[in-house]
Every structure is written in C-alpha cells, then in structure tokens.
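Reading the structure
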Amino acid sequence: MENPYVLPEALIEEWLQALRLVQLNRYPDADAQSLKSRLRQVFDVPAGAEMLLGNGSDELIQMICLALAGPNRVLLAPEPTFSMYRIIADIAGLEYVGVPLRAQDFSLDLDAFLQAIERYQPALVALSYPNNPTGNLFDREAVERVIQASPGVVLLDEAYFHFSGETFIRDLDNHPNLLVMRTLSKMGLAGLRLGILCGAPDWLREFNKVRLPYNINVLSQVSGEFILRHADVLDAQVQQIRADREVLIQGLRGHPSIEVWPSQTNFLLMRVAGRSQSFYEGLKAERILLKNLGGSHTLLGDCLRVTVGTPDQNQAFLMALQKLL
Ligand SMILES: *Cc1c(COP(=O)(O)O)cnc(C)c1O
C-alpha cells in the first residue's frame, strides 16, 4: 500500500540541504515539539486534543496496548481487519476478540458488535477507518454508536484518510474516549516511520509513559517537518492515485470472473473464484506482486489485494491479468 511516486528532484535537493544542518551528535527533542506543531496544522487537530508521535502508527498501537494490558483486558475489532491489532495485542498481553463483518459488503454488523461490547467490556476497540484489507468505510452512525457504547477507548485508525477524505478528528472534542490515529506512510512517506495519535490529554499522558524518550529520531523529525511544508506535492500524488483507482476498478469490472469491491483506500480487494492461487502465482511470474489473502480469514476466500500504482504499472497489471484469463 505504498505510494509509487518519489519526490521531485528539486525538492530532494532542498531536503538534503535541510539535513546538512542536523547535528547527529545531539539527542533529538524528546517531545518533537516543532514537528508536532506542523502536524497539528496540516492535520487540523483540534486545540483541545493532545498529540503523541510513534515510529510509525504500529508503534502507537503497541504503546496503547502496553498501557491498557492486564488480566481480562480485551481488544475488540471487526474482522477481517489490519493484522497488527491481533499481533500486538498478543504480544502486549491483551485478549483479542474479533467480530465478523457482513459477508457481502464487509460493513459493520452493528448489532453483533454492540453485543460483543456488552459481553467483553473491551478496554480497547480498534476500527480501521477505512478498513484494511477490505477498503471500505464503516457507516458513520454505526461508528458513533460504538464510541458511545464503549466502556474503554476507541481507536479510529485513519491510515487511509487521504484516500477517503472522511475523518472523526473533529469529533475528538465530543468524545473523551475517542482516539484518532494517522500516519504519513500511505501518503508517500512509508520509509520515514511517522505515526500520529490524537486524543484527550488525560489518555495520552498515560500512553506517553510507555513511550521510549527518543522514539522519533532527529532525521525523521527534520525530514517530516520539511516535507510537510510541501504537503501540496504529496496531496497532488494522492489525487492522482485516487483518480487511477477508479480507472483500475473499471478495468477489473470488465472481467466477469473477477469480483472487485469499491475502495476508499489506495488498494483494491478482488476475488477470483477458484483460481486465486494460480492467478497470484501467474502475476508473480510477471513480476507483479499482490497480497494473497486467501486463508487469512473465512470471509476472504480467493481474495487478492492489489495496490494502485502508476498508470503504467496499472496497465501492466491489467494486461498480465488479461493474459491469465
Ligand atoms: C499500513 C497501516 C498501518 C501502519 O502504518 P505505519 O504508520 O506505517 O506503521 C496502520 N493501520 C492500518 C490500517 C494500515 O493499513
């Protein structure tokens, strides 16, 4: 789910100039104040919310889980979803409970989810919004009901925000148990490792206790701040990817043996009934790598996930597909 584009040459030069001034012999600012204020501006974080930075949002999930773990503490999530919720819950010592999404469209089964909240009283609910690997957004009112019904915190993981345009960040003021998480990874800076958690100061102060002091290194701080000053460059790339996503969907819809779901992300979920494995291998032989989701969850039988690439890459994918069919 990486952005296939690099930065323009002139911007790379300017960035390298900024890096020259970095003193690697000094520890970074442990609070990354300067970067945080830039992020607050770019992401429109409400004044009443506090921010916590992670070495990617994976590290933020780890901090939250470490802080909330204990006997009989549950992380509740719909399934299928981002695999790191379960992996990190297991490592941190939270019990993981999954509630199946609806089979046809992967929407949230609100009744089942509310029942699970009632039964397990989860310390943490994790919702990927939009959801990975299904690509859809859950119904906004259903998410609000989940936030209201939850006795613990609700983490809205908005890793694909730039591809959906939908957010709960402005709801932070109304819900003290709401956390909104963003990342720079999917918008084009996956190598930088920068995740952003926003929420009530009382909660973030607790999560901050399990953060190691210099988790955001000085090169990431300076680079993040520099590139966010040129956020328009990344925005333009995101707009291009969003437009190409629709072209790719149209291309796939032309094949009767392929089922493809609508997407609010930079990837597509597709099903090739009975032939996903040979498809996956055939594409791999053409040096096109998809994510093979068959076997990862009962709802994802014969499913593959493909990232939207450049127009040339998308075309190569569609042509290889044509050949395999
Ligand atoms: C990719 C992804 C992440 C992880 O992002 P990093 O900031 O690169 O760690 C988090 N959540 C979801 C849903 C993702 O798909």
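No experiment lies behind these values; they were computed from the predicted model shown.

1. Quick notes on the packing of helix α3 (residues 57–68) against helix α9 (residues 201–208)
- In contact at an axis separation of 8 Å, α3 and α9 are set at 90 degrees when each is read in the N-to-C sense. Taken together, α3 and α9 sit at an angle that is classed as roughly perpendicular. On α9, the residues that touch Met63, Ile64, Ala67 and Leu68 of α3 are Trp203, Glu206 and Phe207.
- Along the lines of polarity and charge, the residues of the contact of α3 with α9 split into 6 nonpolar, no polar and 1 charged.

2. Quick look at the site of the ligand
- Around the ligand sit 13 residues in total, of which Asp157, Tyr160, Thr183, Ser185 and Lys186 are the nearest.
- Between an oxygen atom of the ligand and a main-chain N or O atom of Ser57, the distance comes to 2.7 Å.
- Coverage of the ligand by the protein amounts to 94% of the 390 Å² it exposes when considered alone.
- Within the residue set of the shell around the ligand, elements represented by two or more residues are α3 and α8 (185–189).
- Grouping the amino acids of the shell around the ligand by side-chain chemistry returns 3 nonpolar, 6 polar and 4 charged.

3. Re the sheet that holds strand β5 (residues 153–157)
- One open sheet accounts for 7 strands, arranged β1-β7-β6-β5-β4-β2-β3; its pairing is mixed. The sheet is open, and its two borders are formed by β1 (50–54) and β3 (95–100), each paired with just one other strand. Sheet twist, expressed as the average angle between the axes of neighbouring strands with direction ignored, equals 25 degrees.
- Helix-sheet contacts for α3 involve β1, β2 (74–79), β4 (124–128), β5, β6 (178–183) and β7 (195–199), and the interaxial angle to β1 is about 110 degrees.

4. Quick look at the environment of Asn292
- Along the polypeptide, Asn292 turns up in strand β10 (residues 291–292).
- Along the primary structure Asn292 and Leu325 are separated by 33 residues, whereas in three dimensions their C-alpha atoms are 18 Å apart.
- Polar contacts involving the side chain of Asn292 include one to the side chain of Gln277, which spans 2.9 Å.
- Of note is the side chain of Asn292, whose polar atom sits 3.4 Å from the backbone nitrogen of Gly294.

5. Remarks on helix α12 (residues 276–285)
- Taken together, the buried positions of α12 are occupied by Ser276, Phe279, Tyr280, Gly282 and Leu283. Projected onto a plane normal to the axis of α12, the buried residues spread over an arc of 165 degrees and lie on a single side.
- Summarising the contacts, the buried residues of α12 are in contact with β9 (267–272), β10, β11 (303–307) and α13 (311–324).
- Looking at the residues trailing α12, positive phi occurs at Arg287, about 65 degrees.

What counts as what
Within each chain, residue numbers correspond to sequence positions counted from 1 in written order. Residues qualify for local features only when their pLDDT is at least 70, as the model is predicted, and side-chain atom pairs are given and counted only at 80 or more; totals for whole chains, interfaces and linings, by contrast, use all residues. Side-chain numbers come from the whole structure's heavy atoms, not from hydrogens or water. Note on definitions: angles span 0 to 180 degrees between N-to-C directions of axes, and those axes are lines fitted to C-alpha atoms, for helices only across the stretch in contact. Only DSSP runs of H or I covering at least 4 residues are called helices, and only runs of E covering at least 2 are called strands; the numbering of each starts at the N terminus. Each angle gets one of four labels, with under 35 degrees taken as roughly parallel, over 145 as roughly antiparallel, 65 to 115 as roughly perpendicular, and the rest as oblique. Throughout, a residue-residue contact means that at least one pair of heavy atoms, one from each residue, lies within 4.5 Å. Under this grouping Gly is polar, as are all residues other than the nonpolar Ala, Val, Leu, Ile, Met, Phe, Trp, Tyr, Cys and Pro and the charged Asp, Glu, Lys and Arg. It suffices for a single heavy atom of a residue to lie within 4 Å of a molecule or strand for the residue to be listed as near it. Under the rule applied, a polar contact is a pair of N or O atoms within 3.5 Å (in protein, one hydrogen donor and one hydrogen acceptor; residues adjacent in sequence only if both atoms are side-chain atoms). Reported accessibility uses the Shrake-Rupley method at a 1.4 Å probe radius. Residues are deemed covered only where the shown protein chains occlude them. Strand pairing requires that DSSP identify at least two bridges connecting the strands. Exposure categories follow from relative accessible area, calculated using a 1.4 Å probe and restricted to protein chains: below 20% of the type maximum is buried, above 50% is exposed, and the middle band is partly exposed. In this context, the arc is that of the directions from the helix axis out to the C-beta atoms.

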